[in-house]
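Residue-level structure breakdown
Residue strings, one per chain:
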Amino acid sequence: MSLASVRAFFAEKAPDIAVIESEMSSATVALAAEAYGVEPARIAKTLSLRVGDRVVLIVAAGTSRMDNKKVKALFGGKPKMLGLDEVADITGHEVGGVCPFGLKTPLPVYCDVSLKAFDIVVPAAGSTHSAVKITPERMAELTGAEWVDVCELRPVEAASA
């Protein structure tokens, strides 16, 4: 269902963007980088958070780390990652395939400035075996995302630790 909702999203809003499927799992940043032949930082990971009574999605560079203090300052509360079941129930996407496209429930989407370091990024496309290649600006435009600075970009060596 999730991959289908992402395909429908792109068919309606950006028919020039194709969903790529991989035989390999792309459920983690490292696996996705290997599956799609890009550096880990180019994987646009989607973080599903609850801040107070709000659920938000933050899309960030694969090697970045969320800065809780920045998130708390921006959203006015302590961020908490959604649980596995909550993620699927709210977004319609399974963990490892969560993306800001084709959501089950409309949610506010925020793109972290860490993505601006790249011309093309690779976010998941609703499943652990699918993705798209897209410019960060186009992703923000298609999802109505606001640009925020809530992550710290880590060197690749630190990101794999």
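Residues numbered from 1 in each chain as written. Predicted model: local features only at pLDDT ≥ 70, side-chain atom pairs only at ≥ 80, totals over all residues. Heavy atoms only, no water.

1. A word on the pattern of salt bridges
Rules: For this document, the term salt bridge refers to a Lys or Arg side-chain nitrogen within 4 Å of an Asp or Glu carboxyl oxygen. Numbering of helices and strands runs from the N terminus, with a helix taken as a DSSP run of H or I at least four residues long and a strand as a DSSP run of E at least two residues long.
In this structure the tally under the stated criterion is 7 salt bridges. The shortest N-O distance in the salt bridge between arginine 42 and glutamate 39 comes to 3.3 Å. Aspartate 119 is the salt-bridge partner of arginine 42, the closest N and O atoms lying 2.8 Å from each other. Residue arginine 42 is located in the loop between α2 (29-36) and β2 (43-51), and its partner aspartate 119 is located in the loop between β6 (109-112) and β7 (122-123); the two are separated by 77 residues in the primary sequence. It is possible to trace a salt-bridge network through shared partners that takes in Glu39, Arg42 and Asp119.

2. Some details on the pairing of β2
The condition is simple: Type-normalised accessible area, obtained with a 1.4 Å probe on protein chains alone, sets the label of each residue: buried when under 20%, exposed when over 50%, and partly exposed for intermediate values. Strand pairing requires that DSSP identify at least two bridges connecting the strands.
Across the 9 residues of β2, 7 count as buried, placing the element largely inside the fold. The pairing of β2 with β7 spans 2 bridges and is classified as parallel. When the bridges of β7 are listed, isoleucine 43 appears paired with valine 122. Between the antiparallel neighbours β2 and strand β3 (residues 54-61) lie 2 residues, among them glycine 52 with a positive phi of about 65°. Pairing analysis gives 3 bridges linking β2 to strand β5 (residues 79-81), with the strands arranged antiparallel. Residue pairing across strands places leucine 49 opposite methionine 81, the latter belonging to β5.

3. Overview of the state of the cysteines
Two cysteines joined by a covalent bond between their sulfur atoms form a disulfide. For clarity, the cut-off: Pairs of cysteine sulfur atoms within 2.5 Å are identified as disulfides in what follows.
Summed over the entire model, instances satisfying the criterion amount to 0 disulfides. The cysteine cysteine 151 is free of any disulfide, with cysteine 111 supplying the nearest cysteine sulfur at 11 Å. Take cysteine 151: its relative accessible area is 6%, and that puts it in the buried class.

4. Here we look at α2
Put simply, the rule is: The arc in question is the one traced by the directions running from the helix axis out to the C-beta atoms. It only takes one pair of heavy atoms within 4.5 Å for two residues to be counted as in contact.
Among the residues making up α2, those that are buried are Ala32, Ala33 and Tyr36. The arc that holds every buried residue of α2, seen down its axis, measures 100°, which confines them to one face. When the buried face of α2 is taken as reference, the exposed residues oriented beyond 90 degrees from it are Ala30 and Glu34. As for α2, its buried residues are in contact with β1 (20-21), β2, β7 and β8 (130-131).

5. Quick word on the packing of aromatic side chains
The condition is simple: Here a pair means two rings of Phe, Tyr or Trp (six-membered ring of Trp) with centres within 6.5 Å. Their orientation is stacked below 30 degrees between planes, edge-to-face above 60, and tilted elsewhere. Remark: a charge is flagged as sitting over a ring if the NZ atom of Lys or the CZ atom of Arg is within 6 Å of the ring centre and within 35 degrees of the ring normal.
Inspection of every chain in the model, using the stated rule, returns 4 aromatic pairs. With a centroid separation of 5.5 Å and an interplanar angle of 45°, the aromatic rings of phenylalanine 9 and phenylalanine 101 are classed as tilted. In this pair, phenylalanine 9 sits in helix α1 (residues 2-13) while phenylalanine 101 sits in the loop between α4 (84-91) and β6, placing the two residues 92 residues apart along the sequence. Judged by its relative accessible area of 11%, phenylalanine 9 is buried. Judged by relative accessible area, which is 0%, phenylalanine 101 ranks as buried. Seen in terms of ring centroids, phenylalanine 75 and tyrosine 110 are 4.9 Å apart; in terms of plane orientation they differ by 80°. Their pairing is edge-to-face. Taken together, the residues phenylalanine 75 in helix α3 (residues 68-75) and tyrosine 110 in strand β6 connect sequence positions 35 residues apart. An identical accessibility class is assigned to phenylalanine 75 and tyrosine 110; each is buried. Within the aromatic cluster, the residues linked to one another by ring pairs are Phe9, Phe10 and Phe101. Over the ring of tryptophan 147 we find lysine 116, and its NZ or CZ is 4.6 Å from the ring centre.

6. Digging into the side chain of serine 114
Note the following rule: In protein, a polar contact means a hydrogen-donor-capable atom and an acceptor-capable atom, both N or O and within 3.5 Å, with residues adjacent in sequence counting only if both atoms are side-chain atoms; elsewhere, any N or O pair within 3.5 Å suffices.
With respect to the helices and strands, serine 114 occurs in the loop between β6 and β7. A distance of 3.1 Å separates the side chain of serine 114 from the backbone nitrogen of alanine 61, its partner in a polar contact. In this structure the side chain of serine 114 is engaged in a polar contact, spanning 2.7 Å, whose partner is the side chain of aspartate 112. In contact with serine 114, not counting residues within four places along its chain, are Ala60, Ala61, Ser64 and Leu153.

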